[in-house]
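# Notes for the structure review
Chain residues, written in single-letter form:
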Amino acid sequence: MKEDEFTLQELREELELRAVPEKVEEKLKALYAELPDELPVRGGGARSLLKVLGTVTGTAAAAFLLLFGLNTVNPALAESLPGLGNLFRNLNGTKVTGGNIPTYDDAVKPLDVAAEPKAGEQEKLNFTEYYSDGTYLYLSLKLEAPGEEKEIAWYSPEWYTDEKTRMGIDLSQVTVNGKQAETYKKLFLEKNGEGAYEGTWAVRLPERAENGESLTVQASVPELYGTKTARYLDNPPDAVLKPEFKASFTVTADTSHNRISEAETEDNGVKVQKVECTPANIRIGLDIPFWGRESDTLLNTNAIALGYPVLTLEDGTRLSHSFESPDFDWDYDNLKNGGRIQGIWVYEGAPEDSGTAILRIYEKQSDLLFSVGDAELDHRFVFAEFTIDLNTGHAEPSKRYLELGMEKLDTGSYDRTARHAPFTNGYFVHCCEVEEGVEPIDEYTAKGNGVFTQNVILYTENPEYRALELRCYRDGELITSLRSCPEEEYNQTDEYLGGSISYYKGEEGEFYCSPIRDPELTAGIDMTVLSFHVNYAPDTRKDGEWGSILPEDRFDKLTLADPETGEILIEDVWETLQQENLETYGERFS
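Residues numbered from 1 in each chain as written. Predicted model: local features only at pLDDT ≥ 70, side-chain atom pairs only at ≥ 80, totals over all residues. Heavy atoms only, no water.

## Focus on the pairing of strand 11 (residues 197-204)
We apply this condition: If DSSP finds at least two bridges between two strands, the strands pair. Segments assigned H or I by DSSP are reported as helices when at least four residues long, segments assigned E as strands when at least two residues long, and all are numbered from the N terminus.
Strand direction decides the pairing type here: strand 4 (residues 136-144) and strand 11, joined by eight bridges, are antiparallel. Its bridge partner lying in strand 11, Leu139 is registered against Trp201. The pairing of strand 10 (residues 182-191) with strand 11 spans seven bridges and is classified as antiparallel. Bridging across to strand 11, Thr183 finds its partner in Val203. Hairpin geometry of strand 10 and strand 11 is characterised by an intervening segment of five residues between the two adjacent antiparallel strands and by a positive phi of about 90 degrees at Gly193.

## Comments concerning unusual backbone geometry
Test applied: Exposure categories follow from relative accessible area, calculated using a 1.4 Å probe and restricted to protein chains: below 20% of the type maximum is buried, above 50% is exposed, and the middle band is partly exposed.
The backbone of Leu298 shows a phi angle near 65 degrees, a positive value even though the residue is not glycine. With respect to the helices, strands and loops of the structure, Leu298 is situated in the loop between strand 19 (281-289) and strand 20 (308-313). We classify Leu298 as buried; its relative accessible area is 0%. The backbone of Asp475 shows a phi angle near 55 degrees, a positive value even though the residue is not glycine. When you line up the elements, Asp475 lands in the loop between strand 30 (469-474) and strand 31 (477-483). Residue Asp475 is classed as exposed on the basis of its relative accessible area of 68%.

## Topic: the environment of Ile501
By the secondary structure assignment, Ile501 is in strand 33 (residues 499-506). By relative accessible area, Ile501 is classed as buried at 9%. It is 9.9 Å that separates the C-alpha atoms of Ile501 and Ser514, two residues lying 13 residues apart in sequence.

## A look at the environment of Pro146
Rules: Working rule for contacts: check all heavy atoms of both residues, and any pair within 4.5 Å makes them a contact.
Checked against the element boundaries, Pro146 lands in the loop between strand 4 and strand 5 (153-155). Not counting chain neighbours up to four residues away, the residues in contact with Pro146 comprise Gln122 and Glu123.

## What to know about the sheet that holds strand 15 (residues 245-252)
Strand order in the open sheet made by the four strands is 9-8-12-15, with antiparallel pairing throughout. Since the sheet does not close on itself, it has two edges, and those belong to strand 9 (179-180) and strand 15, each with one partner. One ladder, built from four bridges, connects strand 8 (residues 173-176) with strand 12 (residues 214-221); its direction is antiparallel. Opposite Thr175, over in strand 12, you have Gln218 as the bridge partner.

Such coordinate-based values are descriptive only and should not be taken to indicate function.
Here's what the structure looks like:
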């Protein structure tokens, strides 16, 4: 899959941040300082006004770039980051599926089947182990590819059904009892240090199987792509094999470790309707109220609904979400039954003898992104908590969150309509950040170009045009300013997301104004976005390899004024943003 634009959007949806905790930021900066000056980036075109229109706040944007760079050069390290590892493993194609299955006695069964290649091919593919919980089939494989040892991994390509979106179907296919099985985890084989490649392949059975039921499996692997880099999703394959492997064998479903409970229980309006525990995963049916969206604060663009379910073991170990599972069915936009959300949430299976797990419905997803080890973050709010007996699947409301200093929010009194701070003279500061442009080196690589802009994004409920001026000061002296202008004075048009966008561009910077057409981004209120992008002087100095501006070269005060009347609308834009965060989250930006 080509993920140039997809990756940034997915991260913004998954990782909408207000600030990166200091300990995590310090650790990442120390690691990042050891990286080379030029890093491959996804879709390395220069960021501009168009990219900023959907951006997040400054600290978050810096974190995204830092994490992308880290993941590019050291994907193993990025995949080990607390709270983020699963996402990067998914992006890198190395997500471990059913990693705790081997902890269960006799769950993994040996399988010694050699796939047949087409005539004349030297490659060998062996199916070595399997496990089936009656819903999924997990296969372990080993590849020998003489003369192809330079590759670090081999993977199954996709047959694209839509070339524009690059979405498609896995070329490697499995049928069970003559019926097509749906791919759960694509075939991915990594070098094992002995000259061969080992990995896994998982599919969802076309029909649920009973304990001890025999399943006839037919597998075909027509092509394999080889890669010399962990960034294989961004690049053409380094090698292609077309062995046309085919294999037939029989496996047996083992549901002896499965535990299912359909006893409904409720806490604070949250209903657990069903829990199914297997060595491979834990599937929980949930029915929760619609408490609003994270974007109701107007400080981020994450329109995901509030109420984020997290499952941990008793020792705090977090069980990762299996977003790619075919059973995952959680549509935040599908508000059913008078403002409620229903669906299945899927987690990795717990190790055997874990005993219990704790399911917490946190207020919002953003609080959960960074943690040190398995420690919980401060300022955490929960809507509900359940303790699940993994031996029976039974769930009961509990209050373990109190031991961690968390506060429970009451569903009956939770007010989502006033989740944003007040407007200042009719304007709300959504974003205030300094950004450095980038220039492409080649198709996959870019570097900073030393051109800086001061970006300010404002919201207003007034759709009528008004003359505005963003004034930029340093040490009390007016350095530069950028005025708004009516749409008929726009002089630049760019292609964007299959359409076009017009805006003003001049020596002093860029300006854009448009209605926000998605009410989910603005708490259901009709608003207009105003984007100011003021150019710094060409001789602005960089602060080392980090690419930020030297503190003495930065604008230290930004003021929004009406140039026709002289009225000061926002005395200090940055300080106003800080106050909005303080009123909304109880803390200022770090």
